[in-house]
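Observations on chain architecture
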Amino acid sequence: MTQQGAVLQGYNNELVKYVEDLCMQKEELNKQIQQAEEEKNKLQHEIQVLNEQLESVSENLAQKVASRNELDKILAETEAAYMKILDSSRTLLNVLKKEVGSLKHTTELKTN
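In the annotation of an unreviewed UniProt entry, the protein is listed under the name SSNA1 protein and assigned to Centropus bengalensis.

Here's what the structure looks like:
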């Protein structure tokens, strides 16, 4: 019987050792899980901050694009008006040249 008791005691000691090892593995795994959850929360916060920054930049970009489009429109209208002024100036110059030429011709006829 003593031999059986010793064997039983050996099994019990080995069983306790395995249970303690499993408890240590569980504690280590709990630490890793906690670290992973903290990292996940940190990353989620960073994503939220980046999404807010992205939204702000996108709004700013949309405003700038709208302003640029308005400037393009104003420039096109200004250039069109300027071309009309140039055309009118050219027409006025041609008319004035004809008038001056007619006056010279009329003056020459009178002096001859």
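**Here's the deal with the environment of Lys104**
Position of Lys104 relative to the elements: it lies in helix H1 (residues 2-111). The exposure class assigned to Lys104 is exposed, which follows from its relative accessible area of 55%.

**Quick notes on the UniProt feature "coiled-coil region" (unreviewed entry) in the protein**
As recorded in UniProt, the feature "coiled-coil region" (unreviewed entry) lies at residues 19-67. Note that residues 19-67 is 100% helix and 0% strand, and that its end C-alpha atoms are spaced 71 Å apart.

**Things to note about the pattern of salt bridges**
As enumerated under the stated definition, the model contains one salt bridge in all. Across the salt bridge formed by Asp87 and Arg90, the nearest N and O atoms sit 3.0 Å from each other. Taken together, the residues Asp87 and Arg90, both in helix H1 and three residues apart, mark about one turn of the helix.

**Describing the packing of aromatic side chains**
Taken as a whole and assessed by the stated rule, the structure comprises zero aromatic pairs. Stacked on the ring of Tyr18, the Lys or Arg Lys17 has its end atom at 5.9 Å from the ring centre.

**Details of a nonpolar patch on the surface**
On the surface, Tyr82, Met83, Ile85 and Leu86 cluster together to form a nonpolar patch covering roughly 410 Å² of accessible area. For Ile85, the location among the structural elements is in helix H1. By relative accessible area, which is 51% here, Ile85 ends up exposed.

Reading guide: rules and limits
- Residues numbered from 1 in each chain as written.
- Predicted model: local features only at pLDDT ≥ 70, side-chain atom pairs only at ≥ 80, totals over all residues.
- Heavy atoms only, no water.
- Helix = DSSP H or I, 4+ residues; strand = E, 2+ residues; numbered from the N terminus.
- Buried < 20%, exposed > 50% of the residue type's maximum accessible area, 1.4 Å probe, protein only.
- UniProt positions renumbered as here; feature names shortened; annotations may be inferred.
- Salt bridge = Lys/Arg side-chain N within 4 Å of Asp/Glu carboxyl O.
- Phe/Tyr/Trp six-rings, centres within 6.5 Å; stacked < 30°, edge-to-face > 60°.
- Lys NZ or Arg CZ within 6 Å of the ring centre and 35° of its normal.
- Patch = residues over 30% accessible without salt bridge, like charges linked within 9 Å, V, L, I, M, F, W, Y side chains within 5 Å.
- Areas by Shrake-Rupley, 256 points an atom, 1.4 Å probe, with all protein chains shown as cover.

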